[in-house]
Amino acid sequence: MTIDARVLLARRLRFLPDRQFALAKHAIFQGELTTLRRPRTWSQLLAAKNLEEQSELVHRTSDKYEVRSYVAEKAGEKYLIPLFALLTDAADLDFDALPGPCVIKGTHGCDMTILLPDPTRADRAAIRETVRRWLRTDFYTHGWRESPYRGLPRRAVVEQFIGEAGTAPTDYKFFMFHGEPGMVVVDQDRFTGHTSTMLTPEWREFAVSGRFAFAERLPEQPANYAEMLDVARALSSEFAFVRIDLYNVDGKIHFGEITHNPGGGLVRLQPREFDLALGEMWRTGAPVPERFVR
């Protein structure tokens, strides 16, 4: 079954209560039946955690505006991308006041991003309508019932665009277990030929696969990679598992987001034993076995 067919099938089951929907979604996307009573794999642990009542800190760090104060406290304001505006009404989006290239993001969910490399050439009416639709959307209800987003205020932020020539910067995603990295995923060319290369913290390729193909060549490790690890450790120290997303443009590290439920629980890792190995790191701190490294 293709990913599109799985998405369509899961959407047809949204009438189910939360737990039944979670079990059905897990079966559709992970290809296994489970009660989630005794989760062992990474995907099972994610699904079980998503059914729990989330802490105030989880909600705060899932909000793409509120998380900024957390980053400032834990790592420092220097890692924050400059903020141009906070919006609660699409009509308040003032294109003429924008000082340059920017990104508009919904603060209360995922997949709500507009790149504006040149605001003077933007289709203002279309963009305002898109933002208006975001602000009408309860992402928890209309998405995959990701509980970290439940009850978040519906807002949008406008931040400085840090890419080059209208191209999104490389995204470095740190999968952090009890404050230590277990995997680094390097996402490149996100809006064109998207690749997603899964690496060990020592920058070696895992012999595994996920939703997107690996880059043809090993991505270059940033010169200040050690500092990126320090930032990821600082931001993840309060959580058993979390994903910390960072950018690194011209040698400067920028915070992207904190994600508590990567991929909405929809990404199936192969081989399945790798999913179990990440689960062991979450549960016991055991490192991923060498057999999963190229």
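Presented here is a report on the structure given in the accompanying data block. Quick caveat: nothing in here was measured; it's all calculated off a predicted structure.

A word on the sheet that holds strand 4 (residues 156-160)
Move 1: Pairing is antiparallel in the open sheet, where four strands are placed in the order 1-4-2-3. At either margin of the open sheet sits one strand with a lone partner, and together these are strand 1 (83-87) and strand 3 (113-116). Neighbour-to-neighbour, the strand axes of the sheet open up by a mean angle of 15°, direction not taken into account.
Move 2: In the sheet, strand 1 pairs with strand 4 via four bridges, with the strands oriented antiparallel. Counterpart to Leu 86 in the pairing with strand 4 is Val 157.
Move 3: The sheet contacts of helix 6 (residues 124-136) involve strand 1, strand 2 (102-106), strand 3 and strand 4, and relative to strand 3 the element is tilted by about 155°.

Considerations on unusual backbone geometry
Move 1: Pro 271 follows Gln 270 through a cis peptide bond whose omega is 0°.
Move 2: Relative to the elements of secondary structure, Pro 271 occurs in the loop between strand 9 (252-259) and helix 9 (272-284).
Move 3: Of note, Asp 111 is a non-glycine position whose phi angle comes to about 55°, a positive value.
Move 4: Tracing the backbone shows Asp 111 in the loop between strand 2 and strand 3.
Move 5: Overall, the relative accessible area of 71% leaves Asp 111 in the exposed class.

Focus on helix 9
Move 1: Taking 1.5 Å per residue as the helical rise, helix 9 with its 13 residues ought to reach 18 Å, and the 18 Å between its terminal C-alpha atoms agrees with that figure.
Move 2: Packed against the buried residues of helix 9 are helix 2 (18-30), helix 3 (42-50), strand 5 (171-177), strand 6 (180-188) and strand 8 (241-249).
Move 3: Among the residues trailing helix 9, Gly 285 stands out with phi positive, at a value near 85°.

Topic: the layout of surface pockets
Move 1: Within this model, the second largest pocket holds a volume of roughly 290 Å³.
Move 2: Lining of the second largest pocket is provided by 16 residues; of these, Thr 170, Tyr 172, Gln 188, Glu 220 and Asn 248 occupy positions nearest its centre.
Move 3: Residue classes in the lining of the second largest pocket are distributed as seven nonpolar, seven polar and two charged.

Comments concerning empty space enclosed by the protein
Move 1: Scanning the model with the defined rule gives three cavities of 30 Å³ or more in all.
Move 2: Its boundaries defined by the atoms lining it, the largest cavity holds a volume of some 80 Å³.
Move 3: Elements with a minimum of two residues in the lining of the largest cavity: helix 2 and helix 3.
Move 4: Among the elements that line the lining of the largest cavity, the one with the most residues is helix 3, at four residues.
Move 5: Tallied by class, the residues present in the lining of the largest cavity amount to three nonpolar, six polar and one charged.

A few points about the side chain of Ser 147
Move 1: Locating Ser 147 in the fold gives a position in the loop between helix 7 (139-142) and strand 4.
Move 2: Here Asn 50 takes part through its backbone oxygen, which lies 2.6 Å from a polar atom of the side chain of Ser 147.
Move 3: In this structure the side chain of Ser 147 is engaged in a polar contact, spanning 3.0 Å, whose partner is the side chain of Gln 54.
Move 4: Beyond its immediate sequence surroundings of up to four residues, Ser 147 is in contact with Lys 49, Asn 50, Glu 52, Gln 54, His 59 and Tyr 140.

As for the sheet that holds strand 9
Move 1: An order of 7-6-5-8-9 is seen for the five strands of this open sheet, with the pairing classed as antiparallel. Looking at strand neighbours, the two that pair on one side only are strand 7 (195-199) and strand 9, the edges of this open sheet. Each strand axis lies, on average, 25° off the axis of its neighbour in the sheet, ignoring direction.
Move 2: Two elements, strand 5 and strand 6, share seven bridges in a ladder whose sense is antiparallel. From the neighbouring strand, Met 176 faces strand 6, where its bridge partner is Pro 181.

Reading the values: rules and limits
Residues numbered from 1 in each chain as written. Predicted model: local features only at pLDDT ≥ 70, side-chain atom pairs only at ≥ 80, totals over all residues. Heavy atoms only, no water. Pairing = 2+ DSSP bridges. Helix = DSSP H or I, 4+ residues; strand = E, 2+ residues; numbered from the N terminus. Axes fitted to C-alpha atoms, helices over the stretch in contact; angles between N-to-C directions. Contact = heavy atoms within 4.5 Å. Buried < 20%, exposed > 50% of the residue type's maximum accessible area, 1.4 Å probe, protein only. Expected span 1.5 Å × (residues − 1). 1 Å grid on protein atoms, 1.4 Å probe; cavity = no way out; pocket = protein on both sides within 12 Å on 5 of 7 lines; lining within 4 Å. Points joined across faces, edges and corners; volume = space filled by probe spheres on them. Nonpolar A, V, L, I, M, F, W, Y, C, P; charged D, E, K, R; others polar. Polar contact = N/O pair within 3.5 Å; in protein donor to acceptor, adjacent residues only side chain to side chain.

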